[in-house]
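# Results of the structural survey
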Amino acid sequence: MATARDVDPRLAIALSGVREEAGAPWTGGVRATFDWVASLGARGVVIDATAPETRPRTLDRSARRDLAASMRRRGLACMGVDLWIPPEHFASPTHVDRAMAALEAAAGLASELCEGVGRVVSIETGEHVGSDLLSVMREMGEDANVRLADHRFMKGAGESVARLAEGLDCASVIMAGGDPASLLSTRGERIASVRLSDVGSVGRVGVGNGRLDVAALGAIAGTLWREGPVVIDLRGLRSPGEAARQGIDAWERARLRV
């Protein structure tokens, strides 16, 4: 197991895939989850903007300072904010105002809590989102001095979303028949966040247990790409604790080969 001293400082655990589970070491609120992440040796966390304790609209200035201090005390850095709301909400007349308000709040939270390459908000827009709304989103990110990483283009076999940065979700790319390492090599300047995820014959699996070429991805990220965080994505996994440990170890082995 890698230690906090030698783990890639850009490597983070996304809290959006970690849910309360009886007896699990991360259960007991967000600070217990911070303790668990730190015990793994990871250096960063990606905040879940849809979780009750870290929903931006429920956090006043004092609560945000306390959240930031809680991370610092554990040697953790905020490496981004996830806003996983239904993609179609950005194109729905019924939901778009609320979705955009949530995005603005998430960008503000990232601006306050994150630094450097971690100033990223990950989202997924729907295929019917127009260029005018994308322009508004881009300006919203610029105003907050954060990058909005849209993961939509990976669902369309590498199709780019104009005006926004891109998020590279490795499992989605593989399922679409693509090569994550090749995309990172050719589109690196546009990619603001790499989601370290894997896929096997039964769907998403822990990193290192599927088809992801971790060594190839690590080589590109270690030499050619310095744009953003590398995020272990635990969404949809049955054993997030084991998957987090395996993901860290797989990434560190890949880094040692560079």
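Here, every reference points to the structure presented above.
We now turn to the structure provided with this report. A quick note: this is a predicted structure, and the numbers were derived from the prediction, not measured.

What counts, and where the lines are drawn
- Residues numbered from 1 in each chain as written.
- Predicted model: local features only at pLDDT ≥ 70, side-chain atom pairs only at ≥ 80, totals over all residues.
- Heavy atoms only, no water.
- Phe/Tyr/Trp six-rings, centres within 6.5 Å; stacked < 30°, edge-to-face > 60°.
- Lys NZ or Arg CZ within 6 Å of the ring centre and 35° of its normal.
- Helix = DSSP H or I, 4+ residues; strand = E, 2+ residues; numbered from the N terminus.
- Buried < 20%, exposed > 50% of the residue type's maximum accessible area, 1.4 Å probe, protein only.
- Pairing = 2+ DSSP bridges.
- Axes fitted to C-alpha atoms, helices over the stretch in contact; angles between N-to-C directions.
- Contact = heavy atoms within 4.5 Å.

## Quick word on the packing of aromatic side chains
- Inspection of the entire model under this criterion finds one aromatic pair.
- Arg235 extends its terminal NZ or CZ atom over the ring of Trp84, reaching a point 4.1 Å from the ring centre.

## So, the environment of Ala216
- Within the secondary structure, Ala216 sits in helix 7 (residues 214–223).
- Exposure remark for Ala216: the relative accessible area of 27% places this residue in the partly exposed category.
- Note: C-alpha distance between Ala216 and Leu196 (20 residues apart in sequence) is 13 Å.

## Brief notes about the pairing of strand 7 (residues 191–196)
- For strand 7, the buried fraction is high: six of the six residues fall into the buried class.
- Two strands pair when backbone bridges link them, and strand 6 (residues 165–169) and strand 7 are joined in this way by four bridges, in the parallel orientation. Within the sheet, the bridge partner assigned to Leu168 lies in strand 7 and is Val194.
- Where strand 7 lies against strand 10 (residues 230–232), three bridges are found, and the strand directions are parallel.

## Things to note about the environment of Glu124
- Within the secondary structure, Glu124 is located in the loop between strand 4 (120–123) and helix 4 (131–144).
- Residue classification places Glu124 among the buried positions, given a relative accessible area of 18%.
- On a C-alpha basis, the gap between Glu124 and Pro87 in space is 5.4 Å, while along the polypeptide they are 37 residues apart.

## Focus on the sheet that holds strand 7
- Taken together, eight strands build a closed barrel; the order of strands is 1-2-3-4-5-6-7-10 and the barrel is parallel. Each adjacent strand pair in this sheet contributes to an overall mean axis angle of 30°, direction not counted.
- Along the sheet, helix 3 (residues 96–113) contacts strand 2 (44–48), strand 3 (77–82), strand 4 and strand 5 (147–150); its crossing angle with strand 4, the most-contacted strand, is approximately 150°.

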